[in-house]
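Architecture at a glance
The chain contents come next:
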Amino acid sequence: MSNCTKLDIMNTETLQTTYNNLMAQPSWIITLLSGFGLVVAAGVAYLLVRRLLVELLFRLISIAAAKKDGASVHQRYRFIGLLANIVPAAMISIGVETILGLPPMFVTIVQNVCAAFVVLTIAFALNNIIDLIGDYFQHRPGKTQLPIKSYFQVAKIVIACVTVILIAAALLDKSPVILLSGLGALAAVLMLVFQDTLLSFVASILILSNRMVHIGDWIEMPQLNADGDVIDISLHTVKVQNWDKTITTIPTRRLISDSFKNWRGMVESGGRRIKRSIFIDQNSVRFLTENEQKNLHRFALLHNYLEDKEKEIGNWNAHLQAEGKDPVNARRTTNIGTFRVYVQQYLRNHGQVHQGMTLLVRQLAPTSSGLPLEIYCFTNSTAWAVYE
């Protein structure tokens, strides 16, 4: 009887110990409910931040920017909404430690995934901020013509590389320094992969520092069939809208390695050159008669020239006659010389010819088409239609 009683007591103590141990450990139902509650709390916090704080900021931006279309504000400043995604991720990362019954490995995995999500969200937000800065410089009054777009693209590439490293470090639960130390062996591969990017970046720096090309410049690059205005300069390409409205895409590095003509100097100078020849029949070149010279005095542009020329030639011929030289040595006025002076004086008195730049009318070597009388001057206007 005593043995049975002792056995019953021992069984009772064992059952009580087992029950106490089971009650000390949370059940899977409690763990599941706790996890569900954490997710719901994170969702509620996201909705509160999104509906109250984020929408309030969007409304204030819309009022400040005087924009009626709210969708455009949401699209332009989407980094505000992206940063709101950090709130639920941070709550889950912190709250998962408070849930009893979860394996430590599971807790670590959840926290690493949340950390990677936060890094990715911040990267997207930074890219949107860079787009906003680029859009500001592109459309502000008196916008700069420097090719700054390429630098924004380089910044995005740097953010992408750093983001990949940080996400990998978060998922692997390793320090980013350890991952960076292992990239030394991949340096050659990275140089090969980003070869075009590095060359284009160096080309962009040279273009910027030397002011070689700006947006709006008229450039000519016959080897690439480019002849028109530069409409876009990015990290890898330069877009040129040709005069026939086609678009030629030029690799940025080709502007450094190949030659091209930039007409910006002509535009900034305020004058555009005219270099045309009038072809004269050589058989028509002769001396002017006295009657022809008298008739030419009717032209106001030639009056002073003819008076000075007649006085000069008269003195020369009188000197020859006093020395008893043969009359064949006398000087006479030619029709082509007089016409050259007339053309020059016409340009000197023309309102659309730039008088502060080179202006000359000269005879060139005879050709099969005749004797060229070249006009070399500059117009006051650089606009294409006005110039023509």
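Refer to the preceding data block for the structure.
Residues numbered from 1 in each chain as written. Predicted model: local features only at pLDDT ≥ 70, side-chain atom pairs only at ≥ 80, totals over all residues. Heavy atoms only, no water.

Attention now moves to the overall build of the protein chain. Scanning the protein chain from terminus to terminus reveals 16 helices and eight strands. Within the protein chain, residue pairs in contact and separated by at least 24 positions form 62% of the contacts whose partners lie at least 6 positions apart. Element-wise, carbon and sulfur atoms account for 63% of the exposed surface of the protein chain, whose accessible area totals about 24900 Å². (Helix = DSSP H or I, 4+ residues; strand = E, 2+ residues; numbered from the N terminus. Contact = heavy atoms within 4.5 Å. Areas by Shrake-Rupley, 256 points an atom, 1.4 Å probe, with all protein chains shown as cover.)

Time to look at the pairing of strand 1 (residues 218–221). Neither face of strand 1 is open: one carries Trp218 and Glu220, the other Ile219 and Met221, and all of them are buried. Here four bridges tie strand 1 to strand 2 (residues 226–233), and the two strands are oriented antiparallel to one another. Paired with Trp218 across the bridge in strand 2 is Asp229. Between the end of strand 1 and the start of strand 2, which pair antiparallel, lie four residues, with Asn225 showing a positive phi angle near 55°. Bridging between strand 1 and strand 5 (residues 261–262) involves two bridges; their strand directions are antiparallel. Looking across to strand 5, one finds that Glu220 is bridged to Lys261. (Buried < 20%, exposed > 50% of the residue type's maximum accessible area, 1.4 Å probe, protein only. Pairing = 2+ DSSP bridges.)

Turning next to the pairing of strand 8 (residues 371–379). When you tally the buried positions in strand 8, you get nine out of nine residues, the bulk of the element. Burial along strand 8 is two-sided: Leu371, Leu373, Ile375, Cys377 and Thr379 and Pro372, Glu374, Tyr376 and Phe378, pointing in opposite directions, are all buried. The sheet contact formed by strand 6 (residues 272–280) and strand 8 spans nine bridges and is antiparallel. By the bridge assignment, Ser277 is partnered in strand 8 with Glu374.

Once that is clear, we can look at the packing of aromatic side chains. Per the counting criterion, the structure on display carries five aromatic pairs. Taking the centre distance of 5.2 Å and the plane angle of 50° together, the rings of Trp243 and Trp384 count as tilted. Highlighted residues: Trp243 in the loop between strand 3 (237–242) and strand 4 (247–251) and Trp384 in helix 16 (residues 384–387), separated in sequence by 141 residues. Ring geometry for Tyr376 against Phe378: centres 6.1 Å apart, planes inclined by 80°, an arrangement best described as edge-to-face. Looking at Phe378, the relative accessible area reads 17%, which means it is buried. Put simply, the rings of Trp218, Trp243, Trp263 and Trp384 touch in pairs and so form one group of aromatic residues. (Phe/Tyr/Trp six-rings, centres within 6.5 Å; stacked < 30°, edge-to-face > 60°.)

The next subject is the pattern of salt bridges. Under the defined criterion, the tally for this structure stands at six salt bridges. With a shortest N-O distance of 2.9 Å, Asp217 and Arg264 are connected by a salt bridge. Pair noted here: Asp217 is in the loop between helix 10 (195–210) and strand 1 and Arg264 is in helix 12 (residues 264–269), with a separation of 47 residues, a long-range link. As far as the burial class goes, Asp217 and Arg264 line up, both buried. Salt-bridge contacts for Glu312 lead to Arg331; the nearest nitrogen and oxygen are separated by 3.2 Å. Here Glu312 is found in helix 14 (residues 300–322), whereas its partner Arg331 is found in the loop between helix 14 and helix 15 (335–348), with 19 residues between them in sequence. (Salt bridge = Lys/Arg side-chain N within 4 Å of Asp/Glu carboxyl O.)

What follows deals with the packing of helix 14 against helix 15. Contact geometry for helix 14 and helix 15: axes closest at 9 Å, N-to-C directions at 130°. Regarding the angle of helix 14 to helix 15, the classification is oblique. In the packing of helix 14 onto helix 15, the handedness of the crossing is right-handed. Counting all contacts with helix 14, which are made through Leu301, Leu302, Tyr305 and Leu306, the residues of helix 15 involved are Gly337, Thr338, Val341, Tyr342, Gln345 and Tyr346. Among the residues forming the contact of helix 14 with helix 15, the class breakdown is seven nonpolar, three polar and no charged. (Axes fitted to C-alpha atoms, helices over the stretch in contact; angles between N-to-C directions. Parallel < 35°, antiparallel > 145°, perpendicular 65-115°, else oblique. Left-handed = near helix turned anticlockwise from the far one by under 90°. Nonpolar A, V, L, I, M, F, W, Y, C, P; charged D, E, K, R; others polar.)

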